[in-house]
Amino acid sequence: MRPSTMTWALRVGLLLTALPPAMAWATEDEVLEEVQVTGSRISRPANESPNPVLTISAADIQQSGLTNLTDILVQSPQLVGSITTTQSSGTTDYPAGVNLLNLRNLGTNRTLVLVNGRRHIAGVPGEAAVDVNTIPQDLLERVDVLTGGVSAIYGADGVSGVVNFITKRDFEGVVVHGQYGLSGHGDAGNTFASITAGQNFADSRGNVALSYEFTGNSAVRDSDRKRGGDPKHTYSFVFNPADPDGSDPALYNRIPVNDLRWANSSMDGAIDVDGDLTPDFRGGGQAYDLGVPYSDNGYVQGGSSTPVAGYFGDLQARTQKHVANMLGSFEFSDAARLFFEGKYARTMTWNRSQPTYDFYDIVQSDNPLMPAAIRNAIAPGAIDADFRDFGVIDENDPQTIPDGVLLTRDNFDLSVKGDTVTRDTVRSVLGIDGNLAGNTKYELSYTFGQSSIHYDEPGQRIDERFFAALDAVDEGQFLTGTPNGNTRCRIDLQPAGTQINPYNIMWGNFKPGGDGSGTPQTFTAGANSGCVPLDLFGKGVADPKAIAWINYRVLSHSKIDQHVVSGSLTGDSEALFSLPGGPIGWAVGAEYRKEKSADHPDPILAQQLLWGYSYVTDEIGSFDVKEAFTEVSLPLLRDLPAVKSLTLGAAVRLSDYSTVGKTTTWKTDLNWVPIDQISLRGTYSEAVRAPNITELFGPRQGVFSDIYDPCDIKYVGDGIDPALRASNCASILGALGVNPATFQPSNNTAFATTTQQGTSGGNANLTEERAKTWTAGVTLRPQFVPNLALTFDWYDIRLKKAISTPEAQDLINLCVDTPQPNNYCGLVTRLTANQGTYTPGFISNYIVTPQNVAQYTTSGADIGINWLFTPVADWGSFQFKSSAGYLKDLTFIALPNAPADEQRLDTYVPKWTVNSDLTWKRGPVLVNYGVNYFSKTRRFSKELRDAQPDVSDPKYFWYKDKMLHDIQAAYTWDKRIKVYAGINNLYNAKPDFASETYPNGWEGRTFYLGFDCSLNK
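Residues numbered from 1 in each chain as written. Predicted model: local features only at pLDDT ≥ 70, side-chain atom pairs only at ≥ 80, totals over all residues. Heavy atoms only, no water.

Along its length, the chain carries 16 helices and 47 strands. Here the C-alpha atoms of the chain give a radius of gyration of 32 Å, agreeing with the 31 Å that 2.2 N^0.38 yields for 1017 residues. Along the first, second and third principal axes, the C-alpha atoms of the chain reach 105 × 60 × 55 Å. Relative to its 1017 residues, the chain shows a buried fraction of 57%. Considering only contacts in the chain between residues 6 or more positions apart, those separated by 24 or more positions represent 71%. Total accessible area computed for the chain in this model is approximately 40400 Å², and 56% of it derives from carbon and sulfur atoms. Within the chain, the 113 negative side-chain charges are centred at a point lying 6 Å from the centre of the 83 positive side-chain charges. (Helix = DSSP H or I, 4+ residues; strand = E, 2+ residues; numbered from the N terminus. Rg over C-alpha atoms; globule rule 2.2 N^0.38 Å. Buried < 20%, exposed > 50% of the residue type's maximum accessible area, 1.4 Å probe, protein only. Contact = heavy atoms within 4.5 Å. Areas by Shrake-Rupley, 256 points an atom, 1.4 Å probe, with all protein chains shown as cover. Lys, Arg positive; Asp, Glu negative; His and termini not counted. Charge placed at Lys NZ, Arg CZ, Asp CG, Glu CD.)

Below is the structure:
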């Protein structure tokens, strides 16, 4: 049960609202001190900044007890949709192990990440997204999260805003920091250790600092937790078998079921002996228990099939991070200070995902590894009949397909997909700055960054070897008709040039060499092929030599390079003139940037020889951009009645890209302080994002997507406009000679939803995105409540011409859900005649490519409080901080004429987000209590709920709200040695029903212990 006191505190935090500015622990004097903030190249006090700023201090980071920066930042309302290690572990759409920031839920490529106001090298090939794992945690002074037109200040890509990591400067002394944590389950161990040493010299005109930090996290498999690994505790929503077509409003369309298993597939082999595509035996010859089927889901409950639980690999991949930094500066005079930043980071991720699997592989009856019980039950002519029924061969073809069985299997004992990813990041900054005449300052810097990424994927299956090894025979029986007990690969006993298991090729299970010829590409048929017979009739029975022969170690690598030369001048007009509010502040500058990305997959991937991989080839691209920028601050009035200060600001950035040409980014802002206790601000801006290298230069290559055909009789009534979909499907299918009233994607309903290969690639004709943003806000520091600061900022972002690569399913749906003719049907290819198991009308190919066609709109509020108070003398001081976010709207339109996707209230897009802390400090003792909350989100999309009000029992419509409580206590001796301990997720909040990780995470209650030892002078 949640404690009523903290629930009350949370509600108070929501009502009082919360603060983006300075969240670090402060003394009473420090709370009211005006500090400089980022968001402008012109120096100004925090209360005169026109931009909303959320600042997360070094103290906030340590008090979180978390050793991963993204896990900390994702608790902020603005960054709640960011990609953490959980989302990039196991079977995932994200590169293994990366941590990417997603500001305002507008995408990781639209969030500009800076270090000390300068760009950082990307962590994903072809993209601009920065891997936060490469940023040192203990060297940080603070993190500023900015929105409201800062793209004109810092550069393109930041259409949703900027996250600026500020490191310590002029550090002196030695600090050692260590921490170890563990979950209440005894797993999820994490280790953090760092040492930072700095020294001033030459009468403090010079400084050099070195820092090293290590972070290590142990792997946690989904099978390690009940919700992910125990079939009895793992629930999923499936179509109700009592109402398979959803036509009965009295029955729920989807129901939760536990012990779900992949229908007709087993870890020891599911054997079909009579050609009905339903298993009769397990691999060892035991009878097969089919379980309870669930129509159109590919699932059964119970039985012999492979459990869904424990299938998808890591909840948390094992990771290690080493980050070394060197900071240096030397001031020759007021006019010249030389500075340097150098960083090397190595992150390693060992990620485990799902196994390989096979559907209906043909194993001939003469295979000596087949158990006798299975061989004796084979129905003669069954496979031959299947080939004719499915159109693989003509009904009148005289050839006869040999007898055998159909084998379906999840190959946990052969190879589980996964990879070891090593990322080496180098970044250096060399610059000079100083004061010129008057108040004019200058800075000139060169930044170089490079990310080298190496992918090591052992155990990736070479399909042609797999099928050759699967096709085993008795040597004597094959050569002379008399068995001799010597099991060989059939292809060993055949002449060079012989096809590999031609019946599996005809059936469509694989295409050796990518061309369907059946000629081996990685070995030569004959006695010296090296083939070792592969036994799949049972679990763990395969010869290790056979496994070694069929598997391949994929080695790929990528490299990203960045060069930035930047120069700026800042100053004011005080020496010449002043406005009524003071001198004009100004900044001008120029920048040159070159980005290059080269992604080199293993050469074998281009040959389409590996299981689960489509055609993949090199992706190489580059661009450069020249920019000029200026910023001005006009203090119109000051120290008048109702006008303590009134300042108008503007900024503009002109860019010339080698790819999209010239662009303009600009902003205007106004800050009005009527009295010391009130500050009003507002901005209006237009930002741009140029397409990245992958969007522009991605090569045409194969992709796989799970798709269903919207013209299938099961789905033709599901469109936004069912009548329009039905009419379009009838027209398209009719032109192919197909009856739409009986059309199914194949002659067998098991293929209604398939993993289908298509084509993807870049689009050199892309142009820049454009976002218009306005913000309006107020800061209150009421005099009658000392040391209290309240803020409220409203934002509104309209992004047009957004670059969008539609999902294959969206593309296929839009072909039939929008009026004809349209641009989408030309990207979808349907068969005009029988091909293998697939009939005319079946979708055989699709092309997905990015286009400037999407739109985003989002609006909401950032609100907060920061209050330092001492209720009773000698009780010590308290600080209450809270940052809250309210989301009014987040809408995405993927393509013109496409229906609006209202993403507000989807997972990780809550209406309310609140992160609150109450800290008590008395002498050497500090206790911090934190609450991280976001409101309930949809389990089923709004569109699905609108179309199917009876989609499920209403109690399952929503995921519950997230509510995590954390506590930390610390004791400091002599201001030099601090020890601390803490508990995160104090009340052991669990994920919601039928979820393994959402919304409260999979970790459960975690404990940690740490220390800081400072040898500062």
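After that view, the rundown keeps rolling.
It is worth spelling out helix H14 (residues 722–735) at this point. The terminal C-alpha atoms of H14 lie 20 Å apart, and with 14 residues this matches the ideal 20 Å at 1.5 Å per residue to within 8%. Listing the buried residues of H14 in full gives Arg725, Asn728, Cys729 and Leu733. In a view along the axis of H14, the buried residues occupy a sector of 120°, so they form one face of it. Looking at H14, the residues exposed on the side facing more than 90 degrees away from the buried face are Ala723 and Ala735. In this structure, the buried side of H14 is in contact with helix H15 (808–817) and strand S36 (828–830). (Expected span 1.5 Å × (residues − 1). Arc of directions from axis to C-beta.)

Scanning all chains against the criterion turns up 44 salt bridges. Among the salt bridges present, the one from Asp144 reaches Arg142, with a minimum N-O distance of 3.1 Å. Residue Asp817 is joined to Arg725 by a salt bridge in which the shortest nitrogen-to-oxygen separation is 2.8 Å. Within this pair, whereas Asp817 is found in helix H15, its partner Arg725 is found in helix H14, the two being separated by 92 residues in sequence. Owing to a relative accessible area of 2%, Arg725 belongs among the buried residues under this scheme. Each of Arg110, Arg689, Glu695 and Glu769 takes part in salt bridges that share partners, so that together they form one network. (Salt bridge = Lys/Arg side-chain N within 4 Å of Asp/Glu carboxyl O.)

Here Asn325 shows up in strand S18 (residues 318–333). For Asn325, a relative accessible area of 10% translates into the label buried.

Another point: the sheet that holds strand S16 (residues 299–301). Strands sit in the order S12-S16-S15 across an open sheet of 3 strands; the sheet is antiparallel. Strand pairing shows two members of the sheet lacking a second neighbour, strand S12 (260–262) and strand S15 (292–294), which therefore form its edges. Geometrically, the sheet is characterised by an average inter-axis angle of 40° between neighbouring strands, direction not taken into account. Direction of pairing for S12 relative to S16: antiparallel, over a ladder of 3 bridges. Along S16, the bridge assignment pairs Arg261 with Val300. (Pairing = 2+ DSSP bridges. Axes fitted to C-alpha atoms, helices over the stretch in contact; angles between N-to-C directions.)

Tallied over the entire structure, the rule returns 3 disulfides. Covalently, Cys489 is tied to Cys531 through a disulfide, its sulfur atoms 2.1 Å apart. Looking along the S-S bond of the Cys489-Cys531 disulfide, the torsion reads about -80°, which is the left-handed sense. Of this pair, Cys489 sits in strand S25 (residues 487–489) while Cys531 sits in the loop between helix H11 (502–507) and helix H12 (544–550), and the two are 42 residues apart along the sequence. Here Cys489 matches Cys531 in class, with each residue buried. (Disulfide = S-S within 2.5 Å.)

Let us look at the pairing of strand S27 (residues 585–600). Relative to S27, strand S26 (residues 551–572) is paired through 16 bridges, and the arrangement is antiparallel. Directly across from His563, in S27, lies its bridge partner Lys594.

Moving on: the nonpolar core. Formed by 38 residues in total, the largest nonpolar core has its most connected members in Leu811, Tyr846, Tyr856 and Leu895. Mapped onto this core, the elements with two or more residues apiece are strand S32 (701–708), H14, strand S35 (788–804), H15, strand S37 (843–848), strand S38 (851–869) and strand S39 (877–893). At 6 residues, H15 tops the list of elements feeding residues into this core. Not counting residues up to four positions away in its chain, the partners in contact with Leu811 are Tyr824, Leu827, Val828, Tyr846, Ile847 and Val848. One finds Val363, Ala469, Ile505 and Leu534 within the second-largest nonpolar core, a separate group that totals 32 residues. (Core = buried A, V, L, I, M, F, W, Y, C linked by side-chain atoms within 4.5 Å.)

Relative to the helices and strands, Val660 resides in the loop between strand S29 (643–657) and strand S30 (661–675). The class for Val660 is buried, based on a relative accessible area of 18%. With 219 residues separating them along the chain, Val660 and Lys441 place their C-alpha atoms 33 Å apart.

Applying the stated criterion across every chain yields a total of 31 aromatic pairs. On the numbers, 5.6 Å between centres and 65° between planes, the contact of Tyr357 with Phe359 is edge-to-face. Looking at Tyr357, the relative accessible area reads 24%, which means it is partly exposed. Accessibility expressed as a relative area gives 48% for Phe359, which makes it partly exposed. Counting every residue linked through ring pairs, the aromatic cluster contains Tyr235, Phe237, Phe940, Tyr956 and Phe993. Geometry around Trp350 places Arg318 over its ring, the cationic atom sitting 3.9 Å from the centre. One cation-aromatic arrangement involves Arg461 over Phe466; the distance from NZ or CZ to the ring centre is 3.6 Å. (Phe/Tyr/Trp six-rings, centres within 6.5 Å; stacked < 30°, edge-to-face > 60°. Lys NZ or Arg CZ within 6 Å of the ring centre and 35° of its normal.)

A few words on a nonpolar patch on the surface. Judged by side-chain polarity, Phe201, Val208, Leu210, Met326, Phe332, Leu338, Phe340 and Leu430 come together as a nonpolar surface patch covering roughly 700 Å² of accessible area. Of all the elements in the fold, those that place two or more residues in the nonpolar patch are strand S8 (206–217), S18 and strand S19 (336–355). Along the chain, the position of Phe340 falls in strand S19. Taking the relative accessible area as the measure of exposure, Phe340 reaches 32% and is therefore partly exposed. (Patch = residues over 30% accessible without salt bridge, like charges linked within 9 Å, V, L, I, M, F, W, Y side chains within 5 Å.)

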